Amino acid sequence: MESNIYSSIIASLNEGVVIIDSEGNIVAINAAAKRNTGLSDENMIGRSAMELFAAHPDLVDAIQHCAEQNKPEIKIQHKNTNRCISLDIKPLCREPATPDGYIIVFRDSAELSNTSEQLLQEMAEREQLEQQLRQTRKMEAVGRLAGGIAHDFNNLLTAIIGSAELGLQESVTDNKIHQHFLDIKNGALIASDLTGRLLNFGKERKLKRKYVSLNHIISDLLKMVSRILGEDIKLIIQLTSGLYPAFVDPDQIRQLIINLCTNARDDMPNGGTLTIRTDNLTDTTALNPALDIDRESSYVFITFADTGYAVSEETKNRLFGPFDSTIESDRASGLGLAVVQGIIQQHQGQIIVDSKINSGTVIQVYLPATPKMELAVETNEKQEIMVGGSETILLVEDNDMVLNVAMRLLDDLGYKVLVAHNAEEAMELFGRNMGKIDLVMSDVVMPRSSGPEMFSRIHAMQPELPALFVTGYDVNQSIETLEMLECRDNCAVLQKPYSQDALAEKIRELLNRKLS
């Protein structure tokens with residue numbers, strides 16, 4: 001064999017190459033092969049290839065066997081580095097039946113294994129990123145859909161709640177009709193909570209955090225929770241005394257509790273028991289070390305333990321995705337636990353789910369708290385506030401049903417009401433009653449011209465005039481829009497559906513601010 005020719009051919013190759021003759025002696029070897037095998041002797045030509053390998057006493061027989069069996073790849077142990085080498089063997093033949101030697105291309109199997117593992121990991125990470133992207137797009141699409149549904153639904157609920165409140169005022173307390181109106185109002189309030197869930201599902205909302213007692217929040221929700229669970233599910237409440245004040249947004253925590261109770265209800269279609277417990281977290285070392293919380297901080301936690309179905313590992317992996325819950329999809333309520341996780345993440349809290357066959361599901365929610373603060377004793381007594389008045393209000397609303405109810409609510413509070421169905425009518429009324437209008441109450445989103453756009457023109461003519469904007473969309477989004485107006489100090493926003501008390505309080509607050 002012409003070893004010089006072979007050497008010049010294989011010298012430029014990146015892969016390790018060794019050429020041996022029919023006796024098993026090295027004819028040519030390139031630099032890559034020397035590096036991969038750890039060989040340091042420059043004079044390898046003519047020496048036995050056995051020196052490269054220790055695991056096979058007769059390398060030539062192994063090579064010949066591979067060639068005969070048409071298995072061109074073997075793995076053998078390198079004697080110096082103790083690494084596994086993958087060999088790709090091809091015969092060199094002048095005559096088909098009599099090989100003159102073999103060309104061996106080899107790679108470090110450990111490197112191949114690492115490369116394969118790295119490739120698999122990269123593929124898994126890419127798949128995960130693609131799933132997250134699909135999840136994000138799904139959330140965005142649901143958010144847009146939810147916003148539109150919530151707006152229309154909130155308009156209907158505003159009319160229902162307002163009419164029910166007017167019916168309650170005009171009916172005798174112990175009369176059946178009074179109870180019917182009360183049931184209508186309570187049902188509408190529960191439905192309004194659903195629109196809140198839809199809006200939360202669409203995007204992260206701003207928190208209004210303060211120190212509160214979770215015990216008081218849970219106690220206030222007992223009637224609503226009992227209605228959600230129904231008669232087949234027994235509710236057990238265990239509220240620890242001396243619970244640390246939690247630093248949370250009360251409305252968001254109410255949402256979280258209702259969502260988890262709804263999930264527990266769906267988890268027990270044949271009835272069962274739901275136990276809600278509160279407690280202080282005094283020993284963080286007992287928690288999972290992987291739990292992402294500040295070990296030096298204080299926490300309180302709420303436990304929701306139901307006697308329903310167990311959660312499979314597969315379900316746990318997708319537990320907080322949209323339209324998933326702790327139960328099978330055909331029995332789920334729809335929104336799942338994605339909203340719950342979003343609320344907890346905003347509060348820098350944590351959630352743990354534990355489920356065992358025949359033992360139901362236990363969900364624990366950890367929220368930031370402080371043991372160094374005592375809350376004032378809360379009472380259910382309403383503070384006396386000045387409601388109603390005799391001022392003139394320009395009411396602008398494009399939805400006839402909401403317009404009629406709002407007009408009746410304001411009239412019941414004693415106000416004089418001027419009614420407009422859109423911005424054009426409102427501007428005409430304002431022009432005819434310049435100086436006689438004390439407040440503008442307007443929907444935010446209207447055809448052709450929005451409430452803020454309309455009021456910016458009014459503000460230019462009468463800067464001291466206050467405005468109350470009502471909206472069926474996300475109130476935080478509406479506030480961001482209002483902050484662009486010069487009149488923002490004279491403005492307030494009220495989320496639909498609203499009660500008469502909330503409406504009266506907002507209006508009185510704005511009018512009193514104007515007087516001062």
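Residues numbered from 1 in each chain as written. Predicted model: local features only at pLDDT ≥ 70, side-chain atom pairs only at ≥ 80, totals over all residues. Heavy atoms only, no water.

### Description of the pairing of strand 9 (residues 272-281)
Then comes step 1: As defined by bridge partners, strand 7 (residues 233-239) adjoins strand 9 across seven bridges and the pair is classed as parallel. Its bridge partner lying in strand 9, glutamine 238 is registered against arginine 277.
Then comes step 2: Where strand 9 lies against strand 10 (residues 298-306), eight bridges are found, and the strand directions are antiparallel. When the sheet's bridge partners are listed, isoleucine 276 is paired in strand 10 with phenylalanine 304. (Pairing = 2+ DSSP bridges. Helix = DSSP H or I, 4+ residues; strand = E, 2+ residues; numbered from the N terminus.)

### As for the packing of helix 12 (residues 423-432) against helix 13 (residues 451-461)
Then comes step 1: Put simply, helix 12 and helix 13 touch, their axes get as near as 10 Å, and they point 15° apart. Overall, the two elements helix 12 and helix 13 adopt an arrangement that is roughly parallel. For the crossing formed where helix 12 meets helix 13, the hand is right-handed. Residues Ala423, Ala426, Met427 and Phe430 of helix 12 form the contact with helix 13, whose own contacting residues are Met454, Arg457, Ile458 and Met461.
Then comes step 2: Residues that form the contact of helix 12 with helix 13 fall into these classes: seven nonpolar, no polar and one charged. (Axes fitted to C-alpha atoms, helices over the stretch in contact; angles between N-to-C directions. Parallel < 35°, antiparallel > 145°, perpendicular 65-115°, else oblique. Left-handed = near helix turned anticlockwise from the far one by under 90°. Contact = heavy atoms within 4.5 Å. Nonpolar A, V, L, I, M, F, W, Y, C, P; charged D, E, K, R; others polar.)

### Some points on the sheet that holds strand 14 (residues 416-420)
Then comes step 1: Strands sit in the order 14-13-15-16-17 across an open sheet of five strands; the sheet is parallel. The open sheet has two edge strands with one neighbour each: strand 14 and strand 17 (491-495). The sheet shows a mean angle of 20° between the axes of neighbouring strands, direction not considered.
Then comes step 2: Note: strand 13 (residues 392-396) against strand 14, five bridges, orientation parallel. Each residue of the ladder has a partner; that of threonine 392, found in strand 14, is lysine 416.

### Quick notes on the nonpolar core
Most often, soluble globular proteins keep nonpolar side chains buried together rather than apart.
Then comes step 1: If you look at the biggest cluster of nonpolar residues, it comprises 37 residues, and the most contacted ones within it are Leu214, Ile257, Leu274, Phe304 and Val365.
Then comes step 2: Ranked by residue count, the leading element in this core is helix 8 (residues 250-267), at seven residues.
Then comes step 3: In this structure, phenylalanine 304 is in contact with Ile257, Leu260, Cys261, Leu274, Thr275, Ile276, Thr361, Val362, Ile363 and Val365, ignoring residues within four places of it in sequence.
Then comes step 4: In this structure, Ala159, Val405, Ile507 and Leu510 belong to the second largest nonpolar core, which totals 24 residues. (Core = buried A, V, L, I, M, F, W, Y, C linked by side-chain atoms within 4.5 Å. Buried < 20%, exposed > 50% of the residue type's maximum accessible area, 1.4 Å probe, protein only.)

### Considering the packing of aromatic side chains
Then comes step 1: Evaluation of the coordinates by the stated rule reveals three aromatic pairs.
Then comes step 2: Taking the centre distance of 4.8 Å and the plane angle of 35° together, the rings of tyrosine 211 and phenylalanine 247 count as tilted. Of this pair, tyrosine 211 sits in strand 6 (residues 210-212) while phenylalanine 247 sits in strand 8 (residues 246-248), and the two are 36 residues apart along the sequence.
Then comes step 3: We classify tyrosine 211 as partly exposed; its relative accessible area is 34%.
Then comes step 4: Measuring from centroid to centroid gives 6.0 Å for phenylalanine 455 and phenylalanine 469, while their planes differ by 85°, and the two rings are edge-to-face. With a gap of 14 residues between them, phenylalanine 455 in helix 13 and phenylalanine 469 in strand 16 (residues 467-471) connect regions that are remote in the sequence. You'll find phenylalanine 455 and phenylalanine 469 in the same group, each marked buried. (Phe/Tyr/Trp six-rings, centres within 6.5 Å; stacked < 30°, edge-to-face > 60°.)

### Points about the environment of leucine 511
Then comes step 1: Here leucine 511 shows up in helix 15 (residues 500-515).
Then comes step 2: Leucine 511 gets classed as buried once you look at its relative accessible area, which sits at 3%.
Then comes step 3: Note: C-alpha distance between leucine 511 and alanine 467 (44 residues apart in sequence) is 9.4 Å.
Then comes step 4: If sequence neighbours within four positions are ignored, leucine 511 has contacts with Glu391, Tyr415, Asp438 and Leu439.

### A short note on the pattern of salt bridges
Then comes step 1: Counted under the stated rule, the structure contains ten salt bridges.
Then comes step 2: A salt bridge links arginine 432 to glutamate 428; its shortest N-O distance comes to 3.0 Å. With arginine 432 and glutamate 428 both in helix 12 and four residues apart, the pair spans about one turn of that helix.
Then comes step 3: Relative accessible area serves as the criterion here: at 55%, arginine 432 is assigned to the exposed category.
Then comes step 4: Here aspartate 443 ties to lysine 496 by a salt bridge, and the two come within 3.5 Å at their closest N and O atoms. Here the residue aspartate 443 occupies a position in strand 15 (residues 439-443), and lysine 496 occupies one in the loop between strand 17 and helix 15, the gap between them amounting to 53 residues. (Salt bridge = Lys/Arg side-chain N within 4 Å of Asp/Glu carboxyl O.)

### Focus: the environment of valine 365
Then comes step 1: Along the chain, valine 365 falls in strand 12 (residues 360-369).
Then comes step 2: C-alpha separation for the pair valine 365 and threonine 278, spaced 87 residues apart in sequence, amounts to 9.6 Å.

### A word on the pairing of strand 10
Then comes step 1: Burial runs high along strand 10: eight of the nine residues are buried.
Then comes step 2: Taken together, the nine bridges between strand 10 and strand 12 define a ladder with antiparallel strand orientation. Each residue of the ladder has a partner; that of phenylalanine 301, found in strand 12, is tyrosine 366.

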